[in-house]
Amino acid sequence: MHPAFSLVFFTSMAGMAQGMVVSLLVLHLAGDPLPNQFMNYLAFPIILLLLGGGLLASFFHLGHPERAWRAILMWRTSWLSREVLVMPSFIALTVLAYIYSWHFSAIPNWLWGLLSIFAILLWVCTAMIYQCIRFIQEWAHPMTMVNFIVLGFASGWFLLMVLFVIWSAWLSGEAIVTTQNIAGVAGFTAFLLLFSLTLKLWIWKRNRTLKPKSTLQSATGIQQTPVRQISMGMMGGSFNTREFFHQQSNFFIANVRKLAFFGAYIIPVTLLAVAVGQISLNLIVIAFMVHLLGLMAERWLFFAESNHPQNLYYQRIA
């Protein structure tokens, strides 16, 4: 499939915001309250910025953005319609939580519960948009949803840890992250990254073993063998060749996979280990920036490595 940058950005940034919300809930349940100034001036503005930026980016994928409201009409059968309903609801609940935190210095438990429920619902809706497409075998598997949730939580927790560092070291002077607890926070981040890497390696291994259920004969209707296609039959391409194929070489795909493997997982974990040993908060920030680049590469591959059956006919040779 052709990876639209708007979808790459939306799924990455919105998933990170959802991960931040769930991470804040985990800290709330653990009885580790965060300073209200941190929540009001950094955490919630960043969450809303990610959600708003992701929502805005998603409009660039639409041929007629002015008709986007019609997507809600099919909510009974369409996961896309359900996502369109859940996303604004999640943003509205986040704004409400921000208001509670700002004016009342505390977010009630019922609101924390609703936030977490809608964060998970948004992951489910987004993942099911792709997982329910049975003829794209790379997507039609429960690991699609698991990967969305686990990697979203890992990236959100990672960003929250970086915000801890920025707040404590550079803005307020209040030691939210100290030398005593930095090892535990960074260690849990590394665990989440390694766990998500394990899932991703399994997904990559599974995808390599997939074989098309159709053949070139069934795609073209020509039953004679062998059939060898030497042209797509079009001089300038078409919608099919632009939207259902990424137009990149195997060499390019292999390098993007390396960027995802090392950038999203291996290098950040290594930098976190060094940062804990040297008590270097700057390295934690650098590790996140590398992770962010790798995260975008991982989501680009999610689309690029999915094979639409129509490409049996519109082959890469064309």
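Above: the structure in question.
Residues numbered from 1 in each chain as written. Predicted model: local features only at pLDDT ≥ 70, side-chain atom pairs only at ≥ 80, totals over all residues. Heavy atoms only, no water.

**Re the overall build of the protein chain**
When its secondary structure is counted, the protein chain shows 10 helices and 0 strands. The N-to-C order of helical and strand elements in the protein chain reads α-α-α-α-α-α-α-α-α-α. Within the structure as shown, the protein chain displays about 16100 Å² of accessible surface, and the carbon and sulfur contribution to it stands at 67%. (Helix = DSSP H or I, 4+ residues; strand = E, 2+ residues; numbered from the N terminus. Areas by Shrake-Rupley, 256 points an atom, 1.4 Å probe, with all protein chains shown as cover.)

**Re the pattern of salt bridges**
As enumerated under the stated definition, the model contains 3 salt bridges in all. One salt bridge in this structure joins Lys-200 and Glu-298, with 2.6 Å as the shortest N-O distance. Of this pair, Lys-200 sits in helix 6 (residues 182-209) while Glu-298 is found in helix 10 (residues 281-304), placing the two residues 98 residues apart along the sequence. Take Glu-298: its relative accessible area is 1%, and that puts it in the buried class. Linked by salt bridges that have partners in common, Lys-200, Glu-298 and Arg-299 make up one network. (Salt bridge = Lys/Arg side-chain N within 4 Å of Asp/Glu carboxyl O. Buried < 20%, exposed > 50% of the residue type's maximum accessible area, 1.4 Å probe, protein only.)

**Quick look at helix 10**
If you check helix 10, its first and last C-alpha atoms are 35 Å apart, about what 24 residues at 1.5 Å a residue would give, namely 34 Å. Most of helix 10 sits inside the fold, with 17 of its 24 residues counted as buried. (Expected span 1.5 Å × (residues − 1).)

**Describing the packing of aromatic side chains**
Centre distance and the angle of the planes are the two values used to describe a pair of aromatic rings. Scanning the entire structure with this criterion turns up 22 aromatic pairs. Between Phe-191 and Phe-195, the aromatic rings sit 6.2 Å apart at their centres with planes inclined by 10°, giving stacked as the arrangement. With Phe-191 and Phe-195 both in helix 6 and 4 residues apart, this pair spans about one turn of that helix. The exposure class of Phe-191 is partly exposed, given its relative accessible area of 49%. Relative accessible area serves as the criterion here: at 38%, Phe-195 is assigned to the partly exposed category. For the ring pair Phe-252 and Trp-300, a centre distance of 5.6 Å and an interplane angle of 70° mean the geometry is edge-to-face. Taken together, the residues Phe-252 in helix 9 (residues 250-278) and Trp-300 in helix 10 connect sequence positions 48 residues apart. Phe-252 sits in the partly exposed class, given a relative accessible area of 36%. Connected via pairs of aromatic rings, a cluster forms that spans Tyr-130, Trp-139, Phe-148, Phe-302 and Phe-303. Between the NZ or CZ atom of Arg-257 and the centre of the ring of Trp-204, over which it lies, the distance is 6.0 Å. (Phe/Tyr/Trp six-rings, centres within 6.5 Å; stacked < 30°, edge-to-face > 60°. Lys NZ or Arg CZ within 6 Å of the ring centre and 35° of its normal.)

**Some words on the environment of Pro-268**
Inspection of the secondary structure puts Pro-268 in helix 9. Taking the relative accessible area as the measure of exposure, Pro-268 reaches 0% and is therefore buried. When the C-alpha atoms of Pro-268 and Thr-189 are compared, they prove to be 9.5 Å apart, with 79 residues separating the residues in sequence. Excluding anything up to four places from it in sequence, Pro-268 contacts Phe-158, Leu-193, Phe-262, Gly-263, Ala-287, Val-290 and His-291. (Contact = heavy atoms within 4.5 Å.)

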